[in-house]
Amino acid sequence: MDLDAFVAAHRGDWERLDELTRQRRLDGAEADEILDRYQRVATHLSVIRSTAPDASLVGYLSMLLARARSRSAGTRTASWADVGRFFAVSFPAALYRLRWWWITTLVVNVVMAVVIGWWLLDHPRIESSMASPEQIRQLVTNDFASYYSEFAATSFALRVWTNNFWLSALCIALGVFCLPVVYMLVMNVLNLAVIGSIMVRHDRAGLFFGLILPHGLLELTCLFVAAGVGLRLFWTWVSPGPRTRVQGLAEEGRAALGVALGLVVLLLVTGLIEAFVTPSGLPTWARVGIGVVVEVAFFAYVFTVGRWAHHRGETGDLAEADRGFTAPVVG
């Protein structure tokens, strides 16, 4: 099938259905028309999926059908069941759908941190140019470890949570501009590599990794998820596919908002770990083990629950998995 010819032949039906779903009020004839066009577009989507599956076009038509179905069926009262559905279906499906964006971001940043840290270890003069011997001694012997215990655990957890979510929200909100996200990632990598190299050089590697890994694994993953989602917004602006740029940004923006709300909970978990586990008297292996278990649980969540929800959405059973989602409202 010639996909371009198919799109040209049926674009009018899609635009008309889009127009009907955006009207504030529908008369009797328009209500009948929206049902008729819904059936036509559903057939178009089935044909595209079976003969020439294009991810962007499938996502656009899925979104359009879901909106038409919602308009024709009316609204419903949200409940706690919507919260459960959000975390059981919509959020993991979005993480899975966007997995290559944030996994690529994660891998690139980890490699950069290792390479820069290694280079700093091989060039000790760089360290002396960044801080005086007294400042370095203070960092190694006191400041790094005391940071995690100088505040009360509850207030520290809140402080960490709000700070991390603010950074993640900035990555998503500024993602369409690309460069601010890249800048934040580079500064984060440099900070991690510099402090890590100083601690390792002064035989404090065990202390460094023992304090960073319990909360840092999931915390950094959340940052990379936010950055990946933000960069996806930028690419949607650059290459929107069959959609207009406004449509593409609107659709991906709704999905990004849902991811941001899901990250609120994940970052709360990392804040609690950083406040109560990282500075605790548990053995290093136990603290790091908790961080590893939480990180593995996150990836299992994405690649089991998220994969299931995403593929169910592709067959039409769960439209949220392929079009993004609307965040739940508790009532």
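Residues numbered from 1 in each chain as written. Predicted model: local features only at pLDDT ≥ 70, side-chain atom pairs only at ≥ 80, totals over all residues. Heavy atoms only, no water.

### Thoughts on the overall build of the protein chain
- Counting its secondary structure elements, the protein chain contains 13 helices and 0 strands.
- When the elements of the protein chain are put in sequence order from the N terminus, they spell out α-α-α-α-α-α-α-α-α-α-α-α-α.
- Projected onto its principal axes, the C-alpha coordinates of the protein chain cover approximately 80 × 40 × 30 Å.
- Each of the 331 residues in the protein chain was classed as buried or not, and the buried ones make up 41%.
- Considering only intrachain contacts with a sequence separation of at least 6, the fraction spanning at least 24 residues in the protein chain is 79%.
- Total accessible area computed for the protein chain in this model is approximately 16900 Å², and 65% of it derives from carbon and sulfur atoms.
- Separation of charge centres in the protein chain, based on 28 positive and 28 negative side chains, amounts to 2 Å. (Helix = DSSP H or I, 4+ residues; strand = E, 2+ residues; numbered from the N terminus. Buried < 20%, exposed > 50% of the residue type's maximum accessible area, 1.4 Å probe, protein only. Contact = heavy atoms within 4.5 Å. Areas by Shrake-Rupley, 256 points an atom, 1.4 Å probe, with all protein chains shown as cover. Lys, Arg positive; Asp, Glu negative; His and termini not counted. Charge placed at Lys NZ, Arg CZ, Asp CG, Glu CD.)

### Remarks on the environment of V181
- The topology assignment puts V181 in helix α9 (residues 179-201).
- For V181, a relative accessible area of 0% translates into the label buried.
- For the pair V181 and L170, spaced 11 residues apart in sequence, the C-alpha to C-alpha distance is 7.9 Å.
- Contact partners of V181, with chain neighbours within four places excluded, come to C171, L174, G175, A227 and L231.

### Considerations on the UniProt feature "transmembrane region" (unreviewed entry) in the protein chain
- Residues annotated by UniProt as "transmembrane region" (unreviewed entry) correspond here to residues 100-121, 165-186, 207-235, 255-277 and 284-303.
- As annotated, residues 255-277 has a helix share of 100% and a strand share of 0%, and its two end C-alpha atoms lie 32 Å apart. (UniProt positions renumbered as here; feature names shortened; annotations may be inferred.)

### Here's the deal with the nonpolar core
- Judged by nonpolar contacts, the single largest core of 33 residues is most densely connected at V225, V259, L263 and F298.
- Breaking this core down by element, the ones donating at least two residues are α4 (80-97), α5 (99-122), α8 (153-173), α9, α10 (205-238), α11 (245-277) and α12 (284-314).
- Ranked by residues supplied to this core, first place goes to α10 with 10 residues.
- Every residue in contact with L263, bar those within four places of it in the chain, is listed here: F91, S168, C222, V225 and A226.
- Residues L17, L45, I48 and A68 belong to the second largest nonpolar core, which totals 17 residues. (Core = buried A, V, L, I, M, F, W, Y, C linked by side-chain atoms within 4.5 Å.)

### Thoughts on the side chain of T105
- Examined against the element boundaries, T105 turns out to sit in helix α5.
- Setting aside residues up to four positions removed in sequence, T105 forms contacts with L185, F224, A227, G228 and L231.

### Concerning the packing of aromatic side chains
- Considering all chains together, one arrives at 15 aromatic pairs under this definition.
- Ring centres of W102 and F299 lie 5.7 Å apart, and the angle between their planes is 50 degrees; this geometry places the pair in the tilted category. Of this pair, W102 sits in helix α5 while F299 sits in helix α12, and the two are 197 residues apart along the sequence.
- The exposure class of W102 is buried, given its relative accessible area of 0%.
- Ring centres of F144 and Y148 lie 6.0 Å apart, and the angle between their planes is 80 degrees; on these two criteria the pair is classed as edge-to-face.
- For F144, a relative accessible area of 8% gives the class buried.
- Under the relative-accessibility criterion, Y148 is labelled buried at 6%.
- Here the aromatic residues F144, Y147, Y148, F156, F208 and F209 are joined through ring pairs into a cluster of three or more. (Phe/Tyr/Trp six-rings, centres within 6.5 Å; stacked < 30°, edge-to-face > 60°.)

### Overview of helix α1 (residues 3-22)
- For α1, which comprises 20 residues, the first-to-last C-alpha distance of 26 Å matches the rise-based estimate of 28 Å (1.5 Å per residue) to within 8%.
- Of all the bends found along α1, the most pronounced is centred on H10 and spans about 50 degrees. (Expected span 1.5 Å × (residues − 1). Bend = angle between axes of the 7 residues up to and from the residue.)

### A word on a nonpolar patch on the surface
- Together, V182, Y183, V186, M187 and L190 give the surface a local cluster of nonpolar side chains, amounting to about 410 Å² of exposed area.
- Among the structural elements, L190 can be located in helix α9. (Patch = residues over 30% accessible without salt bridge, like charges linked within 9 Å, V, L, I, M, F, W, Y side chains within 5 Å. Salt bridge = Lys/Arg side-chain N within 4 Å of Asp/Glu carboxyl O.)

### Focus: the state of the cysteines
- Per the stated rule, a full pass over the model turns up 0 disulfides.
- Here C171 is not disulfide-linked; the sulfur of C178 is the nearest cysteine sulfur, at 11 Å.
- Note on C171: relative accessible area 0%, which makes it buried. (Disulfide = S-S within 2.5 Å.)

### Describing the side chain of T270
- Along the polypeptide, T270 turns up in helix α11.
- Accessibility expressed as a relative area gives 0% for T270, which makes it buried.
- Reaching out from T270, the side chain makes a polar contact with the backbone oxygen of L267 at a distance of 2.8 Å.
- Leave out the neighbours within four places in its chain, and T270 touches N164, H215, L218 and E219. (Polar contact = N/O pair within 3.5 Å; in protein donor to acceptor, adjacent residues only side chain to side chain.)

### A look at the packing of α4 against α11
- Here α4 crosses α11 at 115 degrees, and the two axes come no closer than 10 Å. In terms of orientation, α4 and α11 fall into the roughly perpendicular class. Note on packing geometry: the crossing formed by α4 with α11 is left-handed. Contacts between α4 and α11 involve F86, F87, F91, A94, L95 and R97 from the former and E252, A255, G258, V259, L261, G262, L263, V265 and L266 from the latter. (Axes fitted to C-alpha atoms, helices over the stretch in contact; angles between N-to-C directions. Parallel < 35°, antiparallel > 145°, perpendicular 65-115°, else oblique. Left-handed = near helix turned anticlockwise from the far one by under 90°.)

### Description of unusual backbone geometry
- Of note in this structure, C178 is not a glycine but carries a positive phi near 65 degrees.
- Residue placement: C178 occurs in the loop between α8 and α9.
- Owing to a relative accessible area of 16%, C178 belongs among the buried residues under this scheme.
- At D203, a position not held by glycine, the phi torsion is positive, near 60 degrees.
- Structurally, the position occupied by D203 is in the loop between α9 and α10.
- Take D203: its relative accessible area is 69%, and that puts it in the exposed class.

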